[in-house]
Amino acid sequence: MDAERVKVAELQGNQLAMSQQLTASRTQEMAQRRELDSASDEIDQLRKRHARELEEQEIDMRKKDREVRELKEDLRMCQHDLERERETVASLKATVSHQSTAHVALTTQISSSQAHQTALQAHLEAEMKAKSDLEAELESMRKRIVELEIETREAETIRRKLHNQVQELKGNIRVFCRVRPLLSSDIPTPDYDPEEEDRRREECKALMVFPDKMDHKEIMLSSSSESATGQERKDEWIFAFDRVFEPHASQAEVFEEISQLAQSCTDGYNVCVFAYGQTGSGKSFTMEGGTTEATVGMIPRAVEQVFREAEQLKSKGWEYKMEGQFLEIYNETINDLLGKADFDRKKHEIKHDAKTGRTTVTDVNVVPLSSPAQVSTLLNFAQSRRSVAATLMNERSSRSHSVFTLRIYGKNSLTGESCDGSLNLVDLAGSERLEKSGAAGDKDRLRETQNINKSLSALGDVIAALGEKGEGKTDKHIPYRNSKLTYLLQNSLSGNSKTLMVLNLSPLASHLNESLCSLRFATKVNNTTIGTAKKQTRVIGP
């Protein structure tokens, strides 16, 4: 046991020694490992530094290589430049040699140029002086233009005054007479014999002659009849007017005489042109005309004339605004031919403004007019609405008075002037007597004819009363209110207006008595003096 214990003690001592030895080995191993790790880190750092140095050497080598290439390229360029400079030097030597040769010629040319420059300088000074003179002349011309524009406006004012004086010398109420040509419908059905047709044409025609071949102011009618004793009786009637138009007269010829009155509207005057005569005498054709350019009537021609005058006056500072209305007076009732409602749902009343001299009708369509082309459309529209009926005198007789009114407002921005005029173009209904019209057996036609004749009679009474007043009877009453026609035209028939009656006559022998009645009425009108027309002006607001 002791031996075992000694062995155990030895073994334990050995074990302890071995444990200590193992601990020392482990400590040594750990120290070696630390040294090894330190050496490894140092080796890694050396490797990294070496790699870095190697990389820097490579970069430096690449840089050196690039510098070498650049130096080589610079050397090549320098060699190229040197070669080029050598060529340039050779060229310059040749040029210098050539310039030396040309120097003498250039010296001579410079001397010539200097002389030319001296001449140009003198010419320039002359041109500058001429320019200065032209500028002075231009300024003088501008002043002259301003003076001429002022003179032109003054001349326009004088022209208006003289034009009005000429119209007054012709008379503020004038009468024209127009005989229409014979129509194929006027001749009884002809045979196929041309000579028979010519004979019938002559038989149909009334004996009308126009003795005044110079001034065209006279018309003579004649007829022959057999008395109770069997003797032939001849009657002759001569009438004189301001102008007589024979059957061959064109629409343009008739308007040529009327155009001066149309121009007065743009000058600020009231103008009234009315067509008078029996049914079928050509009143509507005279006023409204046909469909061709040659047959256009007085209404579209007058409107075109007014627009033309207004356009020409723009250069003198005038600006115009125009309006149109178209009324019918049928059985003493006013209808709006440009309205959209049926006849006659509205009651239209006539209003007169004593201050402005304007006449208006309530609830009527007043159309702004910007071009003459609008008037043709208005005429066609109005014609389709106008009251027509058949009578013995004309298959489609107009049984009403139509009144087309063109209102003109103008102002001049340069002179401050303004004007306000109107143009009334009236197509009167037929003036035939009851027994000739065949209306006596028809209640409606009888009423129409009675109202037509009443209004035409009232028109004659107004003109007669105006004539008496023009002769000095200042207290004379003017019966405008006796008919809607005269009341509507009050301001266009008075002494403040210019009035023209166009008497239309039929050439037929069967209408001789009606023609004589119309001629006597027209003569009565022609012998009337209604005073002096006055210009209608308005004050332009600030």
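None of the values given here were measured: they were computed from a predicted structure.

Calculation notes
- Residues numbered from 1 in each chain as written.
- Predicted model: local features only at pLDDT ≥ 70, side-chain atom pairs only at ≥ 80, totals over all residues.
- Heavy atoms only, no water.
- Pairing = 2+ DSSP bridges.
- Helix = DSSP H or I, 4+ residues; strand = E, 2+ residues; numbered from the N terminus.
- Axes fitted to C-alpha atoms, helices over the stretch in contact; angles between N-to-C directions.
- Contact = heavy atoms within 4.5 Å.
- Core = buried A, V, L, I, M, F, W, Y, C linked by side-chain atoms within 4.5 Å.
- Buried < 20%, exposed > 50% of the residue type's maximum accessible area, 1.4 Å probe, protein only.
- Salt bridge = Lys/Arg side-chain N within 4 Å of Asp/Glu carboxyl O.
- Expected span 1.5 Å × (residues − 1).
- Phe/Tyr/Trp six-rings, centres within 6.5 Å; stacked < 30°, edge-to-face > 60°.
- Lys NZ or Arg CZ within 6 Å of the ring centre and 35° of its normal.
- pLDDT = per-residue confidence, 0-100.
- Polar contact = N/O pair within 3.5 Å; in protein donor to acceptor, adjacent residues only side chain to side chain.
- Patch = residues over 30% accessible without salt bridge, like charges linked within 9 Å, V, L, I, M, F, W, Y side chains within 5 Å.
- Areas by Shrake-Rupley, 256 points an atom, 1.4 Å probe, with all protein chains shown as cover.
- Lys, Arg positive; Asp, Glu negative; His and termini not counted.
- Charge placed at Lys NZ, Arg CZ, Asp CG, Glu CD.

## Re the sheet that holds strand S4 (residues 232-240)
Here we have three strands laid out as an open sheet, ordered S2-S3-S4, and antiparallel in their pairing. The open sheet is flanked by strand S2 (207-209) and S4, the only strands paired with a single partner. Averaged over all pairs of adjacent strands, the angle between strand axes in this sheet comes to 20°, irrespective of strand direction. Sheet topology places strand S3 (residues 218-226) next to S4; nine bridges connect them, and they run antiparallel. Among the inter-strand pairings, Ser224 is bridged to a residue of S4, identified as Lys234. Docked against the sheet, helix H11 (residues 512-526) engages S3 and S4, running at close to 35° with respect to S4.

## Topic: the nonpolar core
When a protein is soluble and globular, its nonpolar side chains tend to lie buried together. In terms of nonpolar packing, the biggest core is built from 48 residues, with Ile219, Phe241, Phe274, Met501, Leu503 and Leu519 touching the most fellow members. Counting only elements with at least two residues in this core, the list comes to strand S1 (173-179), S3, strand S6 (270-276), strand S7 (318-330), helix H8 (443-470), helix H9 (484-488), strand S16 (497-505) and H11. If you tally residues by element for this core, the top one is H8, at seven residues. With residues up to four places along the chain from it excluded, the contact list for Phe241 reads Val175, Cys177, Lys217, Ile219, Leu503, Leu519, Ala522, Thr523 and Asn526. Ranked by size, the runner-up nonpolar core spans 41 residues in total, among them Cys265, Met287, Ala310 and Cys419.

## With respect to the pattern of salt bridges
Within the structure shown, the criterion is met by 13 salt bridges. A salt bridge links Asp235 to Arg233; the nearest nitrogen and oxygen atoms lie 3.5 Å apart. Among the residues examined, Asp235 registers a relative accessible area of 21% and is labelled partly exposed. For Glu349, the salt bridge is made with Lys351, and the minimal N-O distance between the two is 3.4 Å.

## Details of helix H5 (residues 298-312)
Taking 1.5 Å of rise per residue, the 15 residues of H5 would be expected to cover 21 Å, and the 21 Å separating its terminal C-alpha atoms lies within 8% of that figure. Buried residues dominate H5, accounting for 11 of its 15 residues.

## Let's talk about the packing of aromatic side chains
Applying the stated criterion across every chain yields a total of four aromatic pairs. Ring geometry for Phe176 against Phe245: centres 5.8 Å apart, planes inclined by 75°, an arrangement best described as edge-to-face. Taken together, the residues span a long stretch of sequence, with Phe176 in strand S1 and Phe245 in strand S5 (residues 243-245) at a distance of 69 residues. Residue Phe176 is classed as buried on the basis of its relative accessible area, which comes to 2%. Classification of Phe245 as buried rests on a relative accessible area of 1%. If you follow Lys498 out to its NZ or CZ, it ends over the ring of Tyr269, 4.7 Å from the centre.

## Re the confidence of the model for the protein chain
Averaged over every residue, the pLDDT of the protein chain is 82; the share at 70 or more is 85%. Mean pLDDT across the elements of the protein chain bottoms out in strand S12 (residues 388-389) (50) and peaks in S5 (93). Across residues 392-397, confidence stays below pLDDT 50; counting only partners more than four residues off in sequence or on other chains, it has 22 contacts. Scored below 50 in pLDDT, residues 538-542 shows 10 contacts in the model against residues more than four places distant or in partner chains.

## Here we look at unusual backbone geometry
Apart from glycine, the bulk of residues carry a negative phi angle, and the bulk of peptide bonds sit in the trans form. At Glu332, a position not held by glycine, the phi torsion is positive, near 60°. Residue position: Glu332 is located in the loop between S7 and strand S8 (333-336). One non-glycine residue, Asp363, lies in the positive phi region at around 55°.

## Focus on the side chain of His348
Position of His348 relative to the elements: it lies in the loop between S8 and strand S9 (350-352). Given the relative accessible area of 8%, His348 is considered buried. At a separation of 2.8 Å, a polar atom in the side chain of His348 contacts the main-chain carbonyl oxygen of Thr362. From its side chain, His348 meets the backbone oxygen of Asp363 in a polar contact 3.2 Å long. In this structure, His348 is in contact with Ile334, Asn335, Asp336, Val361, Thr362, Asp363 and Val364, ignoring residues within four places of it in sequence.

## Quick word on the pairing of S7
The buried fraction of S7 amounts to 10 of the 13 residues, a majority that puts the element mostly inside the structure. Inspection of the sheet shows S7 paired to strand S14 (residues 401-412) by 12 bridges, in the antiparallel sense. Across the sheet, the residue bridging to Ile329 is His401, located in S14. With three bridges joining them, S7 and strand S11 (residues 367-369) adopt antiparallel strand pairing.

## Focus on a negative patch on the surface
On the surface, Glu53, Glu55, Glu56, Glu58, Asp60, Glu67, Glu70 and Asp74 cluster together into a negatively charged patch. Note that Asp60 resides in helix H1 (residues 2-170). Overall, the relative accessible area of 36% leaves Asp60 in the partly exposed class.

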